[in-house]
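Breakdown of the fold
Below, each chain spelled out in residue letters.
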Amino acid sequence: MSLRVGVIGTGMIGRDHIRRMRTVQAGVSVVAVADVDGELAARVAAGIGAVAHPDGRELIASPGVDAVVVCSWGGTHEEYVLAAIAAGKPVFCEKPLATSQQACLRIMAAEAGHGSRLVQVGYMRRYDAAYRALKQVLDSGVIGAPLMMHCAHRNAGVPDFYQPDNIITDTAVHEIDLVRWMFGSEIVRVRVLRPRASRNAGELPDPLLLVLELANEVLVDVELSVNVRYGYDIRGEILGEDGTVSLGDPGLVAVRRAGQVGGPVPADWRDRFGAAYDVELRDWAASAAGSGPPDGPGAWDGYAAAVVSEAAVRALRTGEPVTVTLVDRPKLYD
Ligand SMILES: NC(=O)C1=CN([C@@H]2O[C@H](COP(=O)(O)OP(=O)(O)OC[C@H]3O[C@@H](n4cnc5c(N)ncnc54)[C@H](O)[C@@H]3O)[C@@H](O)[C@H]2O)C=CC1
Ligand SMILES: O=C1[C@@H](O)[C@H](O)[C@@H](O)[C@H](O)[C@H]1O
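Because the structure is predicted, anything quoted here is derived from the model rather than measured. (Residues numbered from 1 in each chain as written. Chains lettered and ligands numbered in written order. Predicted model: local features only at pLDDT ≥ 70, side-chain atom pairs only at ≥ 80, totals over all residues.)

Along its length, the chain carries nine helices and 15 strands. On C-alpha atoms alone, the chain measures out to a radius of gyration of 20 Å, which is about the 20 Å that the 2.2 N^0.38 rule sets for 334 residues. Seen through its C-alpha atoms, the chain measures out along the principal axes to roughly 55 × 55 × 45 Å. A burial count over the chain gives 43% of its 334 residues as buried. Taking the contacts inside the chain whose residues are at least 6 apart along the sequence as the reference set, 71% of them involve residues at least 24 apart. (Helix = DSSP H or I, 4+ residues; strand = E, 2+ residues; numbered from the N terminus. Rg over C-alpha atoms; globule rule 2.2 N^0.38 Å. Buried ≥ 20, exposed ≤ 12 C-beta atoms within 10 Å, placed from the backbone. Contact = placed C-beta atoms within 7 Å.)

This is the structure we're talking about:
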């Protein structure tokens, strides 16, 4: 029997995940949706033969729903993730897990009370073929012990709701999760530097340079530019004691003509990370269908990312370095 999934939030990524669960994945049916925009939910439900619930909590409680995907706005995630845990249902929650470290602690406490992992967070870069290849080279030891990583996270543009903090909490949070996974080490200190703002930036402090210090003394710099106009450009290079490894060009072709060489730049996150979302949701659905607890990023990772994000927001506002302090990691997440 196929896994009956309910999706809360039928906006951009909610609809994209519905499409992939219906067309790319086997063994999954999207049977229910919910959105505060009732008309949108009804339209999406009608298009796929699903039930539209007026409320996300009702969807979670429905006996016809085995597992839940949360794609609503970040501030609403805690409520739905807690309700899914209370119902004993596996839940895939888009990033961020929640918008404060206290909320993430409440989620971890609820999961510990349940006794096994039910939560996966949508940090899809861990499933990206290029980042996985980068980690494989790093872990093989051929470039020696890591010293630094240089990252760039460039968006063509960002939604109108973006405030300065969103550059950290919605954009940089991907690198915050990624480097913890890449180096198997927690972030202990952050600082944020502000160069001259781009003329394309509007009111935003854009670009920013985020500097992350890890417990293993690796230093990471992340350029965050959210209005570059030319496309969605994600870069990463690790410097080791004996060599370097970097993400390759995501373009599948190079065009040589008129004395120039060029190729496509992805338009947005769907374009660049489409295959990673496919693998991420396939693995999550397999675990939710009974293959075992999810082994992707969990509530602990969501919590750590929230603590570092809060520290980075403070660093952005004050211009000062901020130390990161995490609670002891509960046994459930060893
Ligand atoms: N992993 C990734 O690369 C990406 C993750 N995201 C994350 O996905 C989430 C959604 O982002 P988008 O789809 O871009 O936003 P969106 O604004 O396009 O869609 C969000 C939907 O949630 C609905 N909603 C808001 N509050 C709700 C509530 N209490 N109950 C039910 N529905 C509610 C809205 O009406 C809207 O339709 C965010 O947390 C965002 O950070 C978004 C884009 C990429
Ligand atoms: O998660 C995402 C968006 O919410 C965010 O706005 C973008 O900056 C990220 O690149 C994308 O992956």
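Having seen the model, we can carry on.
Another aspect to go through is the site of ligand 1. Taken together, the neighbourhood of ligand 1 is formed by 24 residues, with G9, G11, M12, S72 and E94 sitting nearest. A total of three residues in the shell around ligand 1 trace back to one element, the largest contributor, which is helix α1 (residues 12-23). Partitioned by chemical class, the residues of the shell around ligand 1 number ten nonpolar, nine polar and five charged. (Near = placed C-beta within 6 Å. Nonpolar A, V, L, I, M, F, W, Y, C, P; charged D, E, K, R; others polar.)

Here we come to the nonpolar core. The biggest cluster of nonpolar side chains holds 94 residues, and the ones touching the most others in it are V81, I107, V190, V308 and A312. Take this core: its biggest share by element is 13 residues, from helix α9 (residues 299-318). Mapping this core onto the domain boundaries places at least three of its residues in each of domain 1 (3-124 + 274-297) and domain 2 (127-270 + 306-323). (Core = buried A, V, L, I, M, F, W, Y, C linked by C-beta atoms within 7 Å. Domains from an automatic or database assignment.)

In this section: the packing of helix α4 (residues 77-86) against helix α5 (residues 101-114). Two quantities define a packed helix pair, namely the angle between the helix axes and the distance between the axes. Relative to each other, α4 and α5 sit at 5 degrees, their axes nearing to 10 Å. By the criterion of interaxial angle, the relationship of α4 to α5 is roughly parallel. Every residue of α5 that contacts α4 at E78, V81, L82 and I85 is listed here: A103, R106, I107, A110, E111 and H114. When grouped by side-chain class, the residues that make up the contact of α4 with α5 number six nonpolar, one polar and three charged. (Axes fitted to C-alpha atoms, helices over the stretch in contact; angles between N-to-C directions. Parallel < 35°, antiparallel > 145°, perpendicular 65-115°, else oblique.)

A few words now on the sheet that holds strand β9 (residues 208-214). Pairing is mixed in the open sheet, where seven strands are placed in the order β12-β11-β7-β10-β9-β8-β15. For this open sheet the edge positions go to β12 (244-246) and β15 (322-323), each flanked by a neighbour on one side alone. In the sheet, strand β8 (residues 187-193) pairs with β9 via six bridges, with the strands oriented antiparallel. Among the inter-strand pairings, R189 is bridged to a residue of β9, identified as E213. Lying over the sheet, α9 contacts β8, β9 and β15, oriented at roughly 30 degrees with respect to β8. (Pairing = 2+ DSSP bridges.)

What follows covers the domain arrangement of the chain. Assigned domains within the chain: domain 1 (3-124 + 274-297) and domain 2 (127-270 + 306-323). On a C-alpha basis, the centroid separation for the pair domain 1 and domain 2 is 27 Å. Contacts between the two partners involve 16 residues from domain 1, matched on the other side by eleven residues from domain 2. Contributions of two or more residues to the side of domain 1 that touches domain 2 are made by α5 and α8 (269-291). Of the residues that constitute the side of domain 1 that touches domain 2, the class distribution is ten nonpolar, three polar and three charged.

Turning our attention to the packing of helix α7 (residues 164-183) against α9. Viewed as axis vectors pointing N to C, α7 and α9 meet at an angle of 135 degrees, and their least axial separation amounts to 9 Å. When the axis of α7 is compared with that of α9, the two are oblique. In the packing of α7 onto α9, the handedness of the crossing is right-handed. For the pair formed by α7 and α9, the contact residues are P164, D165, I168, T169, A172, V173, I176, D177 and R180 on the first element and D301, A304, A305, V308, S309, A312, V313 and L316 on the second. Classifying every residue of the contact of α7 with α9 gives eleven nonpolar, two polar and four charged. (Left-handed = near helix turned anticlockwise from the far one by under 90°.)

Here, the residues flagged by UniProt with the feature "domain: Gfo/Idh/MocA-like oxidoreductase N-terminal" (unreviewed entry) are residues 3-123. Note that residues 3-123 is 44% helix and 21% strand, and that its end C-alpha atoms are spaced 22 Å apart. (UniProt positions renumbered as here; feature names shortened; annotations may be inferred.)

Bringing the sheet that holds strand β6 (residues 119-121) into the picture now. Strands sit in the order β3-β2-β1-β4-β5-β6 across an open sheet of six strands; the sheet is parallel. Strands at the two margins of the open sheet, each flanked by one partner only, are β3 (51-53) and β6. Put simply, the sheet's adjacent strands are angled 25 degrees from each other on average, direction ignored. Judged from the three bridges that link them, strand β2 (residues 28-34) and β3 form a sheet pairing that is parallel. Bridged to A32 within β3 is V51.

What surrounds ligand 2 is the set N155, V158, D170, T171, H174 and W269. It is α7 that contributes the most residues to the shell around ligand 2, three residues altogether.

Two strands pair when backbone bridges link them, and strand β7 (residues 146-154) and strand β10 (residues 219-225) are joined in this way by seven bridges, in the parallel orientation. Bridge pairing in β10 places H150 opposite D221. Relative to β10, β9 is paired through six bridges, and the arrangement is antiparallel. What sits directly across from L210, in β10, is V222. Hairpin connection, β9 to β10: the antiparallel pair is bridged by four residues, and E217 has positive phi, about 75 degrees.

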